[in-house]
Amino acid sequence: MSPEQTRGEVLDARSDVFSLGSALYEAATRSLPFTGPSILSVMHAIAVTEPLAPGRLRPELPREFDLIIERALAKEKERRYGSAADLAQALRNLRAGLSGPWSGSPVVYDRDLIGTGLSSFVGREPELTKLEGLLRQAIEGNGRVVFITGEPGIGKTSLSDEFLRRARASCPGLLVSRGRCVEQYGTGEAYLPFLDAVGPMLEGPGREHLASILRTYAPTWCTQLPAVFASTGALEKLQQETIGATKERMMREMGDALGMFANTSPIALLLEDLHWADPSSVDLLRHLCQRISSQRLLIAGTFRPEDIERSNHPLKGYRAEMLTHNLCEEIALDSLSHEHTAIYLNQTFTPNDFPSEFSLLIHDKTEGHPLFATNLLQYLQERGDIARRNQHWSLARPLSEMELEAPESVRSMISKKMDALAEDERRALQYASIEGAEFLSTILASLLDIDEVDLEELLARLEKTHRLITTKGEEELPDGSLATRYRFAHALYQNFLYQDLVNKRRVMLHRQAGERLLAHYGKRAPQIATQLALHFERGRDFPRAVEFLVHAGDHATKLYANAEAAEHYTRALSLTEKLSGDDQAITIVTLYQKRGAVNMALSRFADAIDDYNRMLKQVELTGSLEQKAAGLNALAATLFFSHRLEEMAACADQALAAAKALGSEQLRLETMGLVGLKHLCYGEVEVSRPILEDVIASARAINHKPALAAGLVWRAGLCFFQTDYERAIEYATEARRLASELRDGFVLLTSMFFLGLSNGNLGRMSTALSTLDEAIRMAGRNGDKFWFPRMPNCIGWLHRELQDFDGALKHDQQGVELGRQYHVMEAEANSLINLGIDHTHAGQSEETIAAFSEAREIFERDAWFRWRYMIRLEAATAGYWLRRKDLAQARKFAGRLLRTAQEYGAHKYIAEAHRLMARIAIADEDPAQAEQEFALALEELSRYPVPLLEWRTHADLGRLKSKLGDPEAARRSFAQAAEIIKSCAATVTDEDLRATFLNSPAVQSVLAGSA
Ligand SMILES: Nc1ncnc2c1ncn2[C@@H]1O[C@H](COP(=O)(O)OP(=O)(O)OP(=O)(O)O)[C@@H](O)[C@H]1O
Ligand SMILES: [Mg+2]
């Protein structure tokens, strides 16, 4: 039996996966995953407890098996395998993996790290010891982030390579991967080093297992690696699961997935050249750093401190912060000592008869700078100053001569090295530097206009003899052509060569490289958008530069890297002045529109408004009515969510006029949806209703789903406010379906909100609770700032209705805190009202008054849906005074409540006002009046059913009848209340909650009275 079965919910194949998982668990461990003395307690265990991992009971079981069981037995069926076939596949993968390379030997996902590496690595013993210590701790479960820092060429990469090489030898089962940052201008590509590190892991050994972890714990990342996940046909499901995702969610999911990977085998992740990292990667690193201490994960990152200082890189602040809080380690590299230079010399040239002063000369010249020293020696060798005679290395010239000619700096060293190359070699490398630290042979061949085979031969020389580049491997480009990828042996070579090109040549080559890449990539060019944008910008082809910056921004949006997207668009905007005429205005409009949208997604309302205003100004030039209407629409929505309702109304009017002039029904409906919402927000319910109904009917007629979804969801809201719960559910259900189809996270959460509340009022308690629970989890997962703080007080209300006052208080307090934390005033105010009711119940007057007056203050400041919350506040305040037996005050608020509820057609509160007035009349010893009010309340409720309120009204009436000495009438009323109570209780699947409800004094007195 699955958790959802214990709750009496709808079942599907995933319930069977759960059962199969339980059977597997028992077969593997000889114990049951869920136990208890009675059927009920076993059901309880199934619903709430996590079984021990199988590996804890049978240590010989592989950890992957634990993961498979964990996923099969997940409480939420969404997290389970989709079918028994998926589960079977996972088991097959596990079996295959157990006999393959996955069974214990280290797994390395970077070809460069597999090679034998520097045979002549010297020194760095303290650093290596430190790194090895950190790795040991990580393997034991205390992960750490460590930075290896120092100037260019000081040996960061060499040290980390050496460390990982040793780690591989000493730690079987260690998973090693490396991601590189690439020197980019501006913002760069979001998450590049992480995608670079994770991508190969999904192609290497054990990939099925890693993919299944990623699939379970990091769906947002799976959508970024479609090649791996599209084949399984699961992409659509993935798309569903990631509706409304955010950057925070992506970061959390990568943390979860790495943690899970590391459960199976510890991981060493090397992130190279972080001084070029994109801002999202830095944020992710920071996120990982905060949770790494309990994971079997070591992250080593290399960077050049001077570079992050100079460019004011985001890593700068982060590094300072982490070091102060002792959240990371830093290993700062210095030059090699004379002793190590000498060892290096002797290792590289064995045997030799160099004079002892030679190593001193090299060390003095280079100050022990490794890149300088190793290059100098190579240079001397190439010049023949160091030569091999009779199996011995010796100096061909006196030391004093060599000293005079030796270069003075790394730069002049490199310069001499390049001068020593043949003309065609030098030119090839210079042109290659256009592509960056890595380059493709096909592109280079076309830049040089030479045959590819000749080029490969030339490059082979540069690799073997001069050791200036290394081959990375072959690659098939999207048009089917084959290319070899090379890498400069050191970034400084590339920098030097690039700077050495004259400006005009650089411009020409960049443009040509961009065009060649474009030809090879064709339709898939947007995949390399940042690279192309760079080539075209530097190649002064501005229209194309802008085009690819737009692609880069769009791509970043897909990664929820909205801040990066905004920067790409900003960069593009800065280039638009170089565009000509028509193109220019149209492009500017699009760019402001896109930047407005990402600013809106970042809740940067002021910036978004600014963008839309600029967009509209520009539209004057293009004269495009369509863009004008779209811009006004977007602006109106932004103004609405910024609570600037007056401006919003004026803007919507203009949008309508534009849509009308354009004859666009779609745009008209989108605006009308907003207008309907605005009226609803102001409490102009009679105006709002026909508008929303027209939006629904017309959008349905032309099948315009976005407007239809919006119309439906706000119409559901209006029905809910006016106590027409069945219809609210109907509308919200359709809106929910459409929202998933459209991937509109906001409408999805809104529909769930109204579904939860409406079901609750109808007494379908568990449906209400589970809907709201799902909504709050989704909002939390996505880091949603709008709905997340609005949900807890709704859950608190349901608990209160079920007489669970402790639970109510807890959720309401959480609601107040979240409202404050997220600066969502109505969430705070609404939770304060609830809290006041909780305090009233507990007889705490002062706290009640304080909560209510705080809520009132908020309403004075903010008009957003104020009418609606005021109704709740008046009801709560009347209840409070009644309890305090201040009948005049109670009457005043009950009267206000009745008037307002009538004005807005809030029938639940009309009934509540009458019930309050009846109870006031009882306190005032006016039973006739009381009976009359009860009758009015019940009449209202018969037309607008609210079971939750109905049973309490019957119960109150029963008590009155009993007091009046009419036991038969009293029993009848109690019986009616009892009937509702029982049907309501039957919908509560949580046993404890149901018991709390049924055993509460309020319910017990009714049940007793009905007997
Ligand atoms: N400990 C060492 N032993 C021997 N050679 C070394 C050592 N450290 C560095 N080298 C030599 O110096 C060269 C430059 O070192 P490396 O590439 O590691 O520098 P880096 O700090 O990573 O530079 P960058 O900041 O440009 O990435 C290496 O190619 C290697 O030849
Ligand atoms: Mg390096």
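Figured I'd write up the structure that's included with this text. (Residues numbered from 1 in each chain as written. Chains lettered and ligands numbered in written order. Predicted model: local features only at pLDDT ≥ 70, side-chain atom pairs only at ≥ 80, totals over all residues. Heavy atoms only, no water.)

1. Focus: the site of ligand 1
Rules: For this purpose, a residue is taken to be near a molecule or strand whenever a single non-hydrogen atom of the residue falls within 4 Å of it. For this analysis, a polar contact is any N or O atom pair within 3.5 Å, provided that within protein one partner can donate a hydrogen and the other can accept it, and provided that sequence-adjacent residues contribute only side-chain to side-chain pairs. In short, Shrake-Rupley with a 1.4 Å probe defines the accessible areas, and a residue's cover is counted only from the protein chains shown. Put simply, DSSP H or I for four residues or longer makes a helix, DSSP E for two residues or longer makes a strand, and each gets a number counted from the N terminus. Throughout, the ten residues Ala, Val, Leu, Ile, Met, Phe, Trp, Tyr, Cys and Pro are labelled nonpolar, Asp, Glu, Lys and Arg are labelled charged, and all others, Gly among them, are labelled polar.
Neighbouring ligand 1 are 20 residues, the closest being Lys156, Thr157, Ser158, Arg304 and His490. Separating an oxygen atom of ligand 1 from a backbone N or O atom of Leu371 is a distance of 3.5 Å. A total of 620 Å² of accessible area belongs to ligand 1 in isolation, and the protein chains cover 90% of it. At the level of elements, helix H9 (156–170) and helix H21 (370–383) are the ones that each hand at least two residues to the shell around ligand 1. Of the residues belonging to the shell around ligand 1, the class tally is eight nonpolar, seven polar and five charged.

2. Notes on helix H36 (residues 665–682)
So the rule is basically this: By definition here, a helix of n residues has an expected span of 1.5 Å times n minus one. For every residue, the accessible area obtained with a 1.4 Å probe (protein chains only) is divided by the maximum for its type, and the residue is called buried under 20%, exposed over 50%, and partly exposed between those limits.
Here H36 is 18 residues long and its end C-alpha atoms lie 25 Å apart, about the 26 Å a rise of 1.5 Å per residue gives. With 13 of 18 residues buried, H36 is to be regarded as a mostly interior element. Two residues or fewer after H36 comes Gly683, characterised by a positive phi angle close to 85 degrees.

3. Focus on the side chain of Asn633
What counts, and what does not: Here, two residues are considered to be in contact whenever any of their heavy atoms come within 4.5 Å of each other.
Take Asn633: it is sitting in helix H34 (residues 625–641). Among the residues examined, Asn633 registers a relative accessible area of 7% and is labelled buried. In contact with Asn633, other than residues within four places in its own chain, are Ala655, Leu667, Glu670, Thr671 and Leu674.

4. What about a negative patch on the surface?
Stated formally: Residues enter patches when they are more than 30% accessible in relative terms and free of salt bridges; like-charged ones are connected within 9 Å and nonpolar ones (Val, Leu, Ile, Met, Phe, Trp, Tyr) within 5 Å. Within this document, salt bridges are pairs made up of a side-chain nitrogen of Lys or Arg and a carboxyl oxygen of Asp or Glu, the two lying within 4 Å of each other. The positive count covers Lys and Arg only, the negative count covers Asp and Glu only, and His and the chain ends enter neither. The atoms used to mark charge sites are NZ of Lys, CZ of Arg, CG of Asp and CD of Glu.
Judged by side-chain charge, Asp451, Glu452, Asp454 and Glu457 come together as a negatively charged surface patch. In this structure, Glu452 sits in helix H26 (residues 452–464). Given a relative accessible area of 31%, Glu452 falls into the partly exposed group.

5. Some thoughts on the environment of Asn703
With respect to the element layout, Asn703 can be found in the loop between helix H37 (685–701) and helix H38 (705–721). Look at Asn703 and you get exposed, because its relative accessible area is 53%.

6. Quick notes on the packing of aromatic side chains
The geometry of two aromatic rings is summed up by the distance between their centres and the angle between their planes. The test is simple: For this analysis, a ring pair means two rings from Phe, Tyr or Trp (six-membered ring only for Trp) whose centres lie within 6.5 Å, classed as stacked if their planes differ by under 30 degrees, edge-to-face if by over 60, and tilted for the remaining angles. Any Lys NZ or Arg CZ found within 6 Å of a ring centre and within 35 degrees of that ring's normal is scored as a charge over the ring.
Taken as a whole, this structure holds 34 aromatic pairs when the rule is applied. Their ring planes at 70 degrees and their centres at 6.0 Å tell us that Phe788 and Tyr822 sit as a pair that is edge-to-face. Highlighted residues: Phe788 in the loop between helix H41 (765–782) and helix H42 (792–801) and Tyr822 in the loop between helix H43 (805–821) and helix H44 (825–841), separated in sequence by 34 residues. Aromatic side chains Trp867 and Tyr904 sit 4.7 Å apart centroid to centroid with 35 degrees between the ring planes, which places their arrangement in the tilted category. Residue Trp867 is located in helix H46 (residues 866–883), and its partner Tyr904 is located in helix H47 (residues 887–904); the two are separated by 37 residues in the primary sequence. Accessibility assignment for this pair places Trp867 and Tyr904 in one class, buried. Cation over ring: Lys578 sits above Phe542, and NZ or CZ is 5.0 Å from the ring centre. Between Arg790 and the ring centre of Trp787, over which it is positioned, the NZ or CZ distance is 5.8 Å.

7. Digging into the pairing of strand S2 (residues 144–149)
In summary, the side chains of a regular strand alternate between the two faces of the sheet. Basically, it comes down to this: We call two strands paired when DSSP finds no fewer than two bridges between them.
Extensive coverage of S2 is indicated by the burial of six of its six residues. Residues Arg144, Val146 and Ile148 point to one face of S2 and Val145, Phe147 and Thr149 to the other, with burial holding for every one of them. As defined by bridge partners, S2 adjoins strand S5 (residues 297–303) across six bridges and the pair is classed as parallel. Each residue of the ladder has a partner; that of Arg144, found in S5, is Leu298. As paired elements, S2 and strand S6 (residues 328–332) share five bridges and run parallel to each other. Along S6, the bridge assignment pairs Ile148 with Ile331.

8. With respect to the pairing of strand S4 (residues 267–272)
For the record, the criterion: The handedness rule is simple: strands pointing away from the viewer, and a clockwise path from the first strand over the helix to the second, make the crossover right-handed.
S4 sits mainly inside the fold: six of its six residues count as buried. Where strand S3 (residues 175–180) meets S4, six bridges bridge the pair, whose relative direction is parallel. Looking across to S4, one finds that Val176 is bridged to Ala268. You can see the chain leave S4, run along helix H16 (residues 279–291) and come back into S5, and the turn it takes is right-handed.

9. Structural notes on the pattern of salt bridges
If you walk through the whole model with that rule in mind, you get 59 salt bridges. The salt bridge partner of Arg166 is Glu162, with a shortest N-O separation of 3.2 Å. Linking Arg166 with Glu162, this pair stays in helix H9, spanning four residues, or about one helical turn. Ionic pairing is found between Asp419 and Arg426, a salt bridge with its closest N-O pair at 3.4 Å.

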